[in-house]
Amino acid sequence: MQYRKLPKGTEQISVLGIGTSSIQASDEKEIEKIITASMENGINYFDMASSEAKPFAAYGRAVKGMRDKAYFQIHFGANYETGVYGWTTNLDTIKRSVDWQLKALQTDYIDFGFLHCIDESADLYEVEKAGIIRYIEELKKAGVVRHIGLSSHTPLLVNEVLDMGILDMLMFSINPAYDYAGSTEPNYAADSYAVGSVAERMNLYRRCEAEGVGISVMKAFSGGQLLKAETSPFGKELTEYQCIQYALDKPGVLTVLPGVRNMDDLKQILGFLDAAPEARDYSILGSFAPQDAAGKCVYCNHCQPCPMGLDVGLINKYYDLSRAGDLLAKSHYENLTVKADACVRCGHCNKRCPFHVDQVARMEEIADYFNC
């Protein structure tokens, strides 16, 4: 394993970490084995923005006795009171959620306390107004939080928080699709396929590096879309190793956090460490002519909570997989308790989506597709 030092600290962070959004696909015993195997192979950085509450206790058991060898990203704003992920800016709810997470993880401190999924100035205002930033700062003074971080998809918003001078770490989405401006007369100063132009995103990476703010990378595979030609915005597939190396080569990046569903996924990710240089080489990007990737769902579920209980990310994923030829995807969709046709078109998901997906229209499209 390779390690990179946190600029504002002594922590040596593994270049490969673990994202937790998909690990609930395994049962708790399997999750324990995955985390134990991760640490045995040198992984020490774990993001805890899980899609469900289930993994927390399994993580706690796996790390017991080795807590000083693991770094947890815990999100102030991720709420698990219902057993599944929800987003909140209510301080009392956040306090309960963080206390619950600490107990489940069997720990009394937080390595990285993150302002969770702040993508707009209005969100930042709500977080400040609610006293959440002040609360995290108080926990840091008390030694409960070691470092303060932020997860966001919006360069402009990240710069606002960087101006506050409180951050040691940023969780940000970095992958080849998000950093492309197109192939026909690209305008890098104005365009990209994510939030913020290519120039804004690169300037953000450089600012983080210059100011000693480390970056942990989410969405390295664009929610899995880059790994299949059928779903890739380039129309051609990339490999996990190309995407990981791409992210690691960006200024300020300390670690990449792929989501793993099972032990096979972990073994695949760990293969990056021994992969030949040509297997990591992403120069093939120069030959790609990207399609328009704006408005594509990457299944992040930052649009949650849905008032009707739709798992918007999973519904989108099963739809995309089914259209790409996955024969099991339709049956997975049919097993969902709440399906796309339950959408009441309230527009909450559209307002929360960092990638500007019209999920209201998507739910109608998906319902028609599966009901035909």
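Look up a bit, the structure's there.
Asker: How do you make sense of the packing of aromatic side chains when you look at a structure like this?
Answerer: A ring pair, where both rings are aromatic, is described by two values, the distance of the centres and the angle of the planes. Applying the stated criterion to the full structure yields 16 aromatic pairs. Judged by centre distance (6.4 Å) and plane angle (70°), the rings of Tyr319 and Phe370 are edge-to-face. Here Tyr319, found in helix 11 (residues 312-323), pairs with Phe370, found in helix 14 (residues 359-371); they are 51 residues apart in sequence, far enough to count as distant. Grouping residues by exposure puts Tyr319 and Phe370 together as buried. Among the aromatic side chains, those forming a connected cluster through ring pairs are Phe56, Tyr80, Tyr85 and Trp100. Geometry around Tyr135 places Lys95 over its ring, the cationic atom sitting 5.1 Å from the centre. The ring of Trp87 is capped by Arg352, whose NZ or CZ atom sits 3.5 Å from the centre of that ring.

Asker: Help me understand unusual backbone geometry, please; the structure alone is not making it clear to me.
Answerer: Leaving glycine out, the prevailing phi sign among residues is negative, and the prevailing peptide bond configuration is trans. Of note, the phi angle at Lys219 is positive, near 60°, even though the residue is not glycine. Within the fold, Lys219 resides in the loop between strand 10 (214-218) and helix 8 (240-248). Judged by its relative accessible area of 16%, Lys219 is buried. One non-glycine residue, Arg345, lies in the positive phi region at around 60°. By the secondary structure assignment, Arg345 is in the loop between helix 12 (329-334) and helix 13 (348-352).

Asker: Can you walk me through the pattern of salt bridges in this structure?
Answerer: Pairs may arise between side chains of opposite charge once their charged atoms sit close together. Under the criterion given, the structure shown has 12 salt bridges. Glu28 is paired through a salt bridge with Arg61; the nearest N and O atoms lie 2.6 Å apart. With Glu28 in helix 1 (residues 28-40) and Arg61 in helix 2 (residues 55-63), this pair connects stretches of sequence that are 33 residues apart. In this structure, Arg345 engages Glu364 in a salt bridge whose closest nitrogen and oxygen atoms are separated by 3.1 Å. With Arg345 in the loop between helix 12 and helix 13 and Glu364 in helix 14, this residue pair connects regions lying 19 residues apart in the sequence.

Asker: What should I look at first to understand the nonpolar core in this one?
Answerer: One finds Phe46, Tyr59 and Phe76 to be the most contacted residues of the largest nonpolar core, which totals 90 residues. Excluding anything up to four places from it in sequence, Tyr59 contacts Ile18, Thr20, Ile23, Ile31, Ile35, Phe46, Met48, Phe72 and Leu105. Tyr319, Tyr333, Cys349 and Ile366 belong to the second largest nonpolar core, which has 15 residues in total.

Asker: Looking at this structure, I do not really get the side chain of His147. What am I missing?
Answerer: Assignment of secondary structure puts His147 in strand 8 (residues 145-152). Judged by its relative accessible area of 6%, His147 falls in the buried class. Polar side-chain contacts of His147 include one of 2.8 Å to the side chain of Glu11. Contacts of His147, omitting those with residues within four sequence positions, involve Leu6, Lys8, Gly9, Glu11, Asp111, Phe112, Gly113 and Asp168.

What counts and what doesn't
Residues numbered from 1 in each chain as written. Predicted model: local features only at pLDDT ≥ 70, side-chain atom pairs only at ≥ 80, totals over all residues. Heavy atoms only, no water. Phe/Tyr/Trp six-rings, centres within 6.5 Å; stacked < 30°, edge-to-face > 60°. Helix = DSSP H or I, 4+ residues; strand = E, 2+ residues; numbered from the N terminus. Buried < 20%, exposed > 50% of the residue type's maximum accessible area, 1.4 Å probe, protein only. Lys NZ or Arg CZ within 6 Å of the ring centre and 35° of its normal. Salt bridge = Lys/Arg side-chain N within 4 Å of Asp/Glu carboxyl O. Core = buried A, V, L, I, M, F, W, Y, C linked by side-chain atoms within 4.5 Å. Contact = heavy atoms within 4.5 Å. Polar contact = N/O pair within 3.5 Å; in protein donor to acceptor, adjacent residues only side chain to side chain.

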